[in-house]
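Structural overview
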Amino acid sequence: GMPHADPGGAGGDNVLSTARVLERLGALVAQAEGLVGQLCTGNPSAAASGALGNPPSLAALPAEHEVVQTLRTLPVLLAHAQHREESAGAMANRLFKRAHEASGASPPVLARLLVQLHVAALARVHSAWPGVTALLTELVRYSDEERALNRDVTPALLAAGLLRAPDLCALVAKVMDGGRSAQATAFGAHLVRQCVLTDRSVSAPEAAELVSALSKVAQRVAQQVGSGGAAPPGLEGLPQLLDEVRALSAVGGAPSAPTGGAGADEEAARPRVPPEVREQVVQMWSEWLAVYSQPAQSDKAYASFMVMLQQQGWLKAAEPCDHFFRVIVEIAVESAAAGGDGDKGEGASSKEGGDGGAGRGALNFRSLDALSKLVAILVRYFSDAGASNTRLTLLHRALAAVLRVLLFQYDHEPSKFNQRIYFRLLGNWLFDLNAPDPVLDSINFQVLTAFANALHALQPARLPAFAFAWLELASHRMLMPKLLLAKGHKGWVLFQRLLVHLCRFLYPFLNSANLTEPVRLLYRGLLRVLLVLLHDFPEFLCEYHFALCDVIPPTCVQMRNIVLSAFPRNMRLPDPFMPNLKVDLLPRSR
């Protein structure tokens, strides 16, 4: 049973001194750390592929587990303290310090679990004394930079509600010093991606000061990249990250938020574009459709339309550019969904069937093709030294507009959502922006990075109804091989991230062998991607075999074997049937 009655061994109420409380805390923490260590003993990936789920988490432990029981004794221990606030503060201080020490443990899975343990312990103390939040926020504020910017501990405390989010974001923005501190700037970007976009533990308004500081840095990075320089390490995807945050703000926060209610709520979540601006953009779109519909399409007509856009100021600054892309994406998507009646003379309506996100009935692809052509032309030919936008930021803004509309429709108008619309649009861009062209070749990797980041934002765990289109785009012949063939293996980590997203999404279904027909189809798609990688890019599987095996359930022997059977193409394997083969004498087996 639990040591509930008298954790301090003192026999009465409110009799433990602060020193005695800390002594008992030390014993309890040591006991819990030992139990967590046992979970990881022997095989470093055991916790990742076993009972702790994936990624490994102490939250997966049953309520009767010894670790959980040990954590439950902490509020009881505090209840026996003579000076409750003083003892709670001392406990929080001690646990905060232990969390940072634990983040350096090895192997990494043990460090992750130990940090979770100490954060969970702090949450228990917080349940007995709410002043823990203010105390921890002050501890972070006055810690040295290395501790305050710890990528394991600080986001975990934030996700658990143990830090005041606006205060922490303001602190990081201040430490960034306008981007002069590279470490703080990279940490700020990580914090926004982790807590605002992935965990949704911090709302976009709470992180407003940090996002504003990152936006100023992003403008300088864009100018640096535009003049031929390279983005600082860790900030390559910063413009795309900020676009994702704006898209999230525009659709009213987290997808998990309640979406029902009056039409006024939906209207509040819809991006606000002034009516007069919308009217002007609709007029521009009509003019573009007229140019696009000409039987003999010419670069001269395209160039004159782009000059008109520039003269009217649509491409010069951030806000008009965002409004322009937002409205034309909304129009194109609505027109596509309207089917054959949307526009006259459409040449490519589609009638193949499908359910849910695939949608039934005809789609009018003419408006989508016109939109993709316009963006491709802008990215290819845009040049304005006086504008804050560059070719790449125009692409980022166009992608952000698509994400914004997609997320809004997915959350607020699920009956209208059709993944084929967005698949057509993004697929067109992949083809158009990878066409042989000296201008596009010079920014090819940045374009690929923008698409990889967009797919990261649309991962299947967030948008299950987009999963099939997502897999088609992630394994697209204009994206996957080009990322993996980029110089210096720069694209490997981007594609590995996408592959891990898909494996994590399928993990619970495959682990329980619960394969409905759609899941089975998605599983076959993943197997095919892995077989292509095994045949064409075995070095990639060799490099990331550990990370991939961690997200493949133990039930999937075939999939795991595909990953583990990869070997570099320049290596010659010994013939197992060779007479007198001595395995222990082979160089790689020693």
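Rules used throughout
Residues numbered from 1 in each chain as written. Predicted model: local features only at pLDDT ≥ 70, side-chain atom pairs only at ≥ 80, totals over all residues. Heavy atoms only, no water. Helix = DSSP H or I, 4+ residues; strand = E, 2+ residues; numbered from the N terminus. Buried < 20%, exposed > 50% of the residue type's maximum accessible area, 1.4 Å probe, protein only. Contact = heavy atoms within 4.5 Å. Areas by Shrake-Rupley, 256 points an atom, 1.4 Å probe, with all protein chains shown as cover. Expected span 1.5 Å × (residues − 1). Arc of directions from axis to C-beta. Core = buried A, V, L, I, M, F, W, Y, C linked by side-chain atoms within 4.5 Å. Axes fitted to C-alpha atoms, helices over the stretch in contact; angles between N-to-C directions. Parallel < 35°, antiparallel > 145°, perpendicular 65-115°, else oblique. Nonpolar A, V, L, I, M, F, W, Y, C, P; charged D, E, K, R; others polar. Phe/Tyr/Trp six-rings, centres within 6.5 Å; stacked < 30°, edge-to-face > 60°. Lys NZ or Arg CZ within 6 Å of the ring centre and 35° of its normal. Left-handed = near helix turned anticlockwise from the far one by under 90°. Salt bridge = Lys/Arg side-chain N within 4 Å of Asp/Glu carboxyl O. pLDDT = per-residue confidence, 0-100. Disulfide = S-S within 2.5 Å.

Moving on: the overall build of the chain. When its secondary structure is counted, the chain shows 28 helices and two strands. Expressed as a percentage of its 590 residues, the buried residues of the chain come to 50%. Taking as baseline every contact in the chain between residues at least 6 positions apart, the subset at least 24 positions apart corresponds to 73%. Counting every atom, the chain has about 27000 Å² of accessible surface; 54% of that belongs to carbon and sulfur.

This part covers helix 1 (residues 18–39). Its 22 residues give helix 1 an end-to-end C-alpha distance of 32 Å, which sits within 8% of 32 Å, the value for a rise of 1.5 Å per residue. Residues of helix 1 that are buried include every one of Thr 18, Val 21, Leu 22, Leu 25, Leu 28, Val 29, Ala 32, Glu 33, Leu 35 and Val 36, and no others. Along the axis of helix 1, the buried positions cluster into a sector of 155°, meaning they face one direction only. Exposed and oriented more than 90 degrees from the buried face of helix 1 are Ala 19, Glu 23 and Gln 38. Contacts made by the buried residues of helix 1 are with helix 3 (66–79), helix 4 (84–102) and helix 5 (108–128).

We now examine the nonpolar core. With 116 residues, the main nonpolar core has Trp 288, Phe 325, Trp 429, Phe 466, Phe 495, Leu 533 and Phe 540 as its most contacted residues. Considering every element that reaches this core, the biggest residue donor is helix 18 (residues 391–412), with twelve residues. Judged by nonpolar contacts, the second largest core, of 81 residues, contains Leu 16, Leu 25, Leu 35 and Ala 92.

Contact geometry of helix 15 (residues 299–311) with helix 17 (residues 366–381) gives a least axis separation of 11 Å together with a crossing angle of 80°. The pairing of helix 15 with helix 17 is recorded here as roughly perpendicular in orientation. Contact residues: helix 15 offers Asp 299, Tyr 302, Phe 305, Met 306 and Leu 309, while helix 17 offers Lys 373, Leu 374, Ile 377, Leu 378 and Tyr 381. Here the contact of helix 15 with helix 17 is built from residues that sort into eight nonpolar, no polar and two charged.

Let us look at the packing of aromatic side chains. Enumeration over the complete set of coordinates arrives at twelve aromatic pairs. Ring centres of Phe 417 and Tyr 422 lie 5.7 Å apart, and the angle between their planes is 15°; this geometry places the pair in the stacked category. With respect to class, Phe 417 is no different from Tyr 422; both count as buried. Measuring from ring centre to ring centre gives 5.8 Å for Phe 495 and Phe 540, while their planes differ by 55°; the resulting arrangement is tilted. Taken together, the positions of Phe 495 in helix 24 (residues 492–511) and Phe 540 in helix 26 (residues 538–543) put the pair 45 residues apart, joining distant regions of the chain. Comparing Phe 495 with Phe 540, the two get one shared label, buried. The ring of Phe 445 has Lys 490 sitting right over it, with the charged end atom 4.5 Å from the ring centre.

Moving on to the packing of helix 21 (residues 444–457) against helix 24. In contact at an axis separation of 10 Å, helix 21 and helix 24 are set at 20° when each is read in the N-to-C sense. In terms of axis orientation, helix 21 runs roughly parallel to helix 24. Where helix 21 crosses over helix 24, the two elements pack in a sense that is left-handed. On the side of helix 21, the interface is formed by Phe 445, Thr 449, Ala 452, Asn 453, Leu 455 and His 456, while helix 24 contributes Leu 494, Arg 497, Leu 498 and His 501. Of the residues assigned to the contact of helix 21 with helix 24, the class counts are five nonpolar, four polar and one charged.

In a structure, side chains of opposite charge can pair up when their charged atoms sit close to one another. The tally for this structure, following the rule as stated, stands at eleven salt bridges. Across the salt bridge formed by Arg 164 and Asp 167, the nearest N and O atoms sit 2.8 Å from each other. Using a relative accessible area of 34% as the deciding quantity, one classes Arg 164 as partly exposed. With its nearest N and O atoms 3.8 Å apart, the salt bridge here joins Arg 193 to Glu 244. On the criterion of sequence distance, the pair formed by Arg 193 in helix 10 (residues 182–198) and Glu 244 in helix 12 (residues 238–250) is long-range, its members being 51 residues apart. For Glu 244, a relative accessible area of 4% puts it in the buried group.

Below, the discussion takes up unusual backbone geometry. As a rule of thumb, non-glycine residues mostly have phi less than zero, and peptide bonds are mostly trans rather than cis. Even without a glycine there, the phi angle at Asp 177 is positive, about 55°. Notably, His 489 is not glycine yet its phi reads approximately 55°, a positive angle. Within the fold, His 489 resides in the loop between helix 23 (480–485) and helix 24.

Attention now moves to the environment of Val 291. Mapped onto the elements of the fold, Val 291 is located in helix 14 (residues 275–292). The exposure class of Val 291 is buried, given its relative accessible area of 13%. Expressed as a C-alpha distance, the spacing of Val 291 and Tyr 302, which sit eleven residues apart in the sequence, is 7.4 Å. Residues contacting Val 291, with those up to four places away along its chain left out, are Ala 301, Tyr 302 and Phe 305.

We now examine the environment of Leu 502. Position of Leu 502 among the secondary structure elements: in helix 24. Counting along the chain gives 21 residues from Leu 502 to Tyr 523, while the straight-line C-alpha distance between them is 9.3 Å.

Residues with a pLDDT of 70 or more make up 82% of the chain, whose mean pLDDT is 81. Averaged pLDDT values over the elements of the chain bottom out at 37 in helix 13 (residues 263–269) and peak at 96 in helix 22 (residues 467–474). For the stretch residues 1–6, pLDDT sits under 50, and the model shows nine contacts to residues farther than four places along the chain or on other chains. Note that residues 341–356 has pLDDT below 50 and, in this model, 33 contacts with residues that lie over four places away or in other chains.

Okay, the state of the cysteines next. In this structure the tally under the stated criterion is zero disulfides. The thiol sulfur of Cys 556 is not disulfide-bonded, and the nearest other cysteine sulfur, from Cys 503, lies at 9.0 Å.

Tracing the backbone through its elements, the reader meets Gln 223 in helix 11 (residues 208–226). Judged by its relative accessible area of 54%, Gln 223 is exposed. Residues Gln 223 and Thr 390, spaced 167 residues apart in sequence, show a C-alpha to C-alpha distance of 8.0 Å.

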